[in-house]
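Now for the letters of each chain:
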Amino acid sequence: MRRVLAGLWAMLPLALLLLTLPRAARPGSGVDGPLLQTALTATVLAALAAAGVALLSRVVPAAWGRWGLAASAAVGWGGYAVALVGAAAPGLRWTAVGVVALLAGWAGHRLHGRRSRPRAQLLERVPERARVQAVRGRAVAPVEEWATDVSSGTLRAQGLGLLGVFVVTAAVVLLMGEGVVLALGVLVFGLVAGGLALAWSRVRVVVDADGLLIGSRVLPVRLLRVPAEDVLGVEVQDLDPMAWGGIGLRPLPDRTSYVVDGGPGLVVWRADGRRLAVQVTEGDGAARAGARALSRAAGQRLGELTGS
C-alpha cells in the first residue's frame, strides 16, 4: 500500500500541471514557453518513471524501487515548481525549484517506507545448519579478518562496452546539432552505468568483526556493506549461474548474486529478508573460511545484543 502511495505522490505533479496548464499558458501569466515546456517534460518523465517502477516491482529490489520513486517525485515536483515560480527572478526560481525537489524526494522516500518482518519469521527461511548462534562469555575470541579478491571479465566487458556506446551516442548527438545539454546528459548517464559495471568487475571481499564489506579494486568506492548484526545465517553453496540469475551482478527481488563462472561461494541471509551470494574463486576451502569468520562475527554481535 505504501509503495502505491509513493507512486501516486510521484505522479501527482503531472495531474496538477495539466489542470493548471491552460491558465499558465495564457499570455501575461509570467511563464514563458520554454519554461512551461521544461516543466511539462519533467513531470511527464517523472510519471513514466514512476509507472515503470510500479510495473517492475516484482523484479526490482524494494530498496531500488524506493529510491526510484523518490527520484521520480523529486523530478516531477521540481518540474511543477518551475511552472509555479516561472515569473520569479532566475536565482530565486532555481533555488525554490531545488528546495521543492529535495523536499518532494524526501517525502516520497519516507512515504514508501521499508518493509520489515519479525526476526523469528525471517529465521524460518534460513536452513538450521546455516543459522547464526549467539556467542558469549569464554567463547568470545577476536575475529580474524578474512579477505579474497574476485574479478569478472563479463562485467569488465559490459562496462567498457557501455562507455563506448554512450560516448559514441553523445558524439552523434553533438554532430546532429541536438544540443550540448542533451549530449552531456547522455555522456553522464553512460559514465555512471559503465563506471558501475567497471567498479564491480574487480572487487575485494572482506570479513571482519563488523561484518562483510565488498569494495571495488577499480574505483575507490565501497560497493556493499552487510553489518554483523544484520546477518541471520551464513553457509557455502555451489553457485550455479542458472539458479542465481546468470553470470555477473544480478540484483533480484529476494536476492543479489555476484557470480563469475559458477562454483563455491558465500550465501548470506540478511535481516531485511534478502540473500547475498558471492562466488569465491579461490575454492571451497577459502569460501568455508570466510563463512566461519562471518558466522563468528555475527554470533558475537548477536550475543552482545541479546545480553548474557
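Computed from a prediction, not measured in an experiment: that's the story for all the values here.

A. Spotlight on the nonpolar core. Grouped together as the largest cluster of nonpolar side chains are 29 residues, with contacts concentrated most on Val205, Leu212, Ile214, Val231 and Tyr258. Listing elements by their share of this core, those giving two or more residues are β1 (146-151), β2 (202-208), β3 (211-216), β4 (222-227), β5 (231-239), β8 (263-270), β9 (275-279) and α8 (284-306). Core analysis: the next-biggest nonpolar cluster, separate from the first, contains 16 residues, Leu36, Val53, Val82 and Val97 among them.

B. Up close: the side chain of Arg255. Mapping Arg255 onto the fold places it in strand β7 (residues 255-259). A residue is classified by how much of its surface remains accessible, and Arg255, at 17% relative accessible area, is buried.

C. Broad picture of the sheet that holds β5. Strand order in this open sheet of 5 strands is β5-β8-β9-β7-β6, and the pairing throughout is mixed. Two strands bound the open sheet, and with one partner strand each, they are β5 and β6 (248-252). For this sheet the average axis-to-axis angle between neighbouring strands, irrespective of direction, equals 15°. Alignment of β8 against β9, held across 5 bridges, turns out to be antiparallel. Its bridge partner lying in β9, Gly265 is registered against Gln279. Lying over the sheet, α8 contacts β5 and β8, oriented at roughly 175° with respect to β5.

D. Spotlight on the UniProt feature "transmembrane region" (unreviewed entry) in the chain. Under the local residue numbering, the UniProt record ascribes the feature "transmembrane region" (unreviewed entry) to residues 34-55, 67-85, 91-109, 159-176 and 182-200. Counting secondary structure, residues 159-176 comes out at 94% helix and 0% strand; the distance between its end C-alpha atoms is 26 Å. This span, residues 182-200, is 100% helix and 0% strand, and a straight line between its end C-alpha atoms measures 27 Å.

What counts and how
Residues numbered from 1 in each chain as written. Predicted model: local features only at pLDDT ≥ 70, side-chain atom pairs only at ≥ 80, totals over all residues. Heavy atoms only, no water. Core = buried A, V, L, I, M, F, W, Y, C linked by side-chain atoms within 4.5 Å. Buried < 20%, exposed > 50% of the residue type's maximum accessible area, 1.4 Å probe, protein only. Helix = DSSP H or I, 4+ residues; strand = E, 2+ residues; numbered from the N terminus. Pairing = 2+ DSSP bridges. Axes fitted to C-alpha atoms, helices over the stretch in contact; angles between N-to-C directions. Contact = heavy atoms within 4.5 Å. UniProt positions renumbered as here; feature names shortened; annotations may be inferred.

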